[in-house]
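# Structural features, examined
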Amino acid sequence: MPKSNPAAQTAYGPMVIAAIEQHEPPGSRIVDDDLAACILPNGLRWFVRATAWTPLRHWLIRLGERSGQGAWSIFVCRKRYIDDQLAAASFDAVVDLGAGLDTRGCRLARSTPTPVFEVDQVVNIAAKQRAIRNALHAVPRSVHLVPVDFQRDELAEELQRAGHNPARRTFFIWEGVTQYIPETAVRATLAYLSTAAPGSRLAFTYVQRDFIDGSNLYGNSILYKRFRIRSQVWMFGLTPSAVPSLLAEYGWRVLEDVSGPEFAQRYLLPVGRRLSTTELERTVLAEKI
């Protein structure tokens, strides 16, 4: 990924964490993703293989947590949560907005013909296509890679061109994206989502607004310096109290709005994982009315 596009470069980090997590024993693993390592470039795959050595892996996790509260759990728990919600009901299609290198579409293709539309920046889609071909030799027929500039292109047009029928009940995923785009682009995406079929679901993440304005760093001063001071690539945040009214403007109702404490109760404590958690980022599950 080009260094001139810092937002695009972030596609690798979550998948490296997911891949390393696969070395945890099944009884303590938070997220299951056997394709995570396969989709990474050679150098990162070698790095992930080295973390099969438990002392090194646990040292890396502790090192990450020293750099920021919830530095590990924020990624594995949100992925597990979205995977669980997607598996809990059947849908006619899945649309992943800002899919990055996420492997959900390829994993779903092994068990269902449900079409999955993976939307992202042009540079990310090109990298994703190469990665899937290297890992699986071909993009699965049910996976449609859709290049979109979220600030310029018409999302509805690009998705329809790729074959998505907006009248079909769809599960939308918008993971790790909203903080990277301005409010106008967030609202433009929500305007598109307002046309979704009733009964559709939306799982999306957001960063707390008081982190964006610097009044509450949630134990993540290094993250704040990286994304708000040096690069200023994070630009949008929400307060939990504002989420229901914002979504209601576009015909959606909130079912859940969860973060670190809920994730700890659902995923970490039952398997004995002593990872720190954070409320810096929250995950919302909503339903189209």
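Residues numbered from 1 in each chain as written. Predicted model: local features only at pLDDT ≥ 70, side-chain atom pairs only at ≥ 80, totals over all residues. Heavy atoms only, no water.

What follows covers the overall build of the protein chain. Regarding its fold elements, the protein chain presents 13 helices and seven strands. Taken against the 2.2 N^0.38 rule, which gives 19 Å for 289 residues, the C-alpha radius of gyration of the protein chain at 18 Å falls within 12% of a compact globule. Overall size of the protein chain, expressed as C-alpha extent along the three principal axes, is 50 × 45 × 40 Å. Across the 289 residues in the protein chain, those meeting the buried criterion constitute 51%. Counting contacts in the protein chain only where the partners sit at least 6 residues apart, residues at least 24 apart contribute 73% of the total. Total accessible area on the protein chain is roughly 13,100 Å²; 53% of this is exposed by carbon and sulfur atoms. Positive and negative side-chain charges of the protein chain, numbering 34 and 29 respectively, have mean locations separated by a distance of 6 Å. (Helix = DSSP H or I, 4+ residues; strand = E, 2+ residues; numbered from the N terminus. Rg over C-alpha atoms; globule rule 2.2 N^0.38 Å. Buried < 20%, exposed > 50% of the residue type's maximum accessible area, 1.4 Å probe, protein only. Contact = heavy atoms within 4.5 Å. Areas by Shrake-Rupley, 256 points an atom, 1.4 Å probe, with all protein chains shown as cover. Lys, Arg positive; Asp, Glu negative; His and termini not counted. Charge placed at Lys NZ, Arg CZ, Asp CG, Glu CD.)

In this section: the pattern of salt bridges. In total, this model carries 24 salt bridges according to the counting rule given. For D83, the salt bridge is made with R104, and the minimal N-O distance between the two is 2.6 Å. Taken together, the residues D83 in helix α5 (residues 73–87) and R104 in helix α6 (residues 104–109) connect sequence positions 21 residues apart. Classification of D83 by relative accessible area gives buried; the value is 16%. Here D102 and R104 are joined by a salt bridge, their closest N and O atoms 3.4 Å apart. (Salt bridge = Lys/Arg side-chain N within 4 Å of Asp/Glu carboxyl O.)

On to the packing of helix α2 (residues 12–21) against α5, then. Packing of α2 against α5 leaves a shortest axis separation of 9 Å and a crossing angle of 80°. Relative to α5, the element α2 is oriented roughly perpendicular. Packed against α2, whose contacting residues are P14, M15, I17, A18 and E21, the element α5 presents F75, V76, R78 and K79 at the interface. Looking at the contact of α2 with α5 residue by residue, the classes come out as six nonpolar, no polar and three charged. (Axes fitted to C-alpha atoms, helices over the stretch in contact; angles between N-to-C directions. Parallel < 35°, antiparallel > 145°, perpendicular 65-115°, else oblique. Nonpolar A, V, L, I, M, F, W, Y, C, P; charged D, E, K, R; others polar.)

Formed by 41 residues in total, the largest nonpolar core has its most connected members in W72, V76, C77, Y81 and F171. For this core, the secondary structure elements donating two or more residues are α2, α5, α7 (122–136), β3 (143–147), β4 (170–174) and α13 (260–268). Looking at this core, the element that brings in the most residues is α2, giving six residues. Ignoring sequence-local partners within four residues, the contact set of Y81 consists of E256, V258, F263, R266, Y267, T283 and L285. Judged by nonpolar contacts, the second largest core, of 31 residues, contains F172, W174, Y192 and V243. (Core = buried A, V, L, I, M, F, W, Y, C linked by side-chain atoms within 4.5 Å.)

The relative placement of two aromatic rings is captured by the distance of their centres and the angle of their planes. Inspection of every chain in the model, using the stated rule, returns twelve aromatic pairs. Both rings, one in Y180 and one in W234, keep their centres 6.1 Å apart while their planes meet at 90°; by these two values the pair is edge-to-face. Of this pair, Y180 sits in the loop between β4 and α9 (183–193) while W234 sits in the loop between α11 (221–230) and α12 (243–248), placing them 54 residues apart in sequence. The buried category is assigned to Y180, whose relative accessible area is 14%. Measuring from centroid to centroid gives 6.1 Å for F204 and Y206, while their planes differ by 35°, and the two rings are tilted. Both residues of the pair, F204 and Y206, belong to the buried class. Over the ring of W46 we find R49; its NZ or CZ atom is 4.7 Å from the centre of that ring. (Phe/Tyr/Trp six-rings, centres within 6.5 Å; stacked < 30°, edge-to-face > 60°. Lys NZ or Arg CZ within 6 Å of the ring centre and 35° of its normal.)

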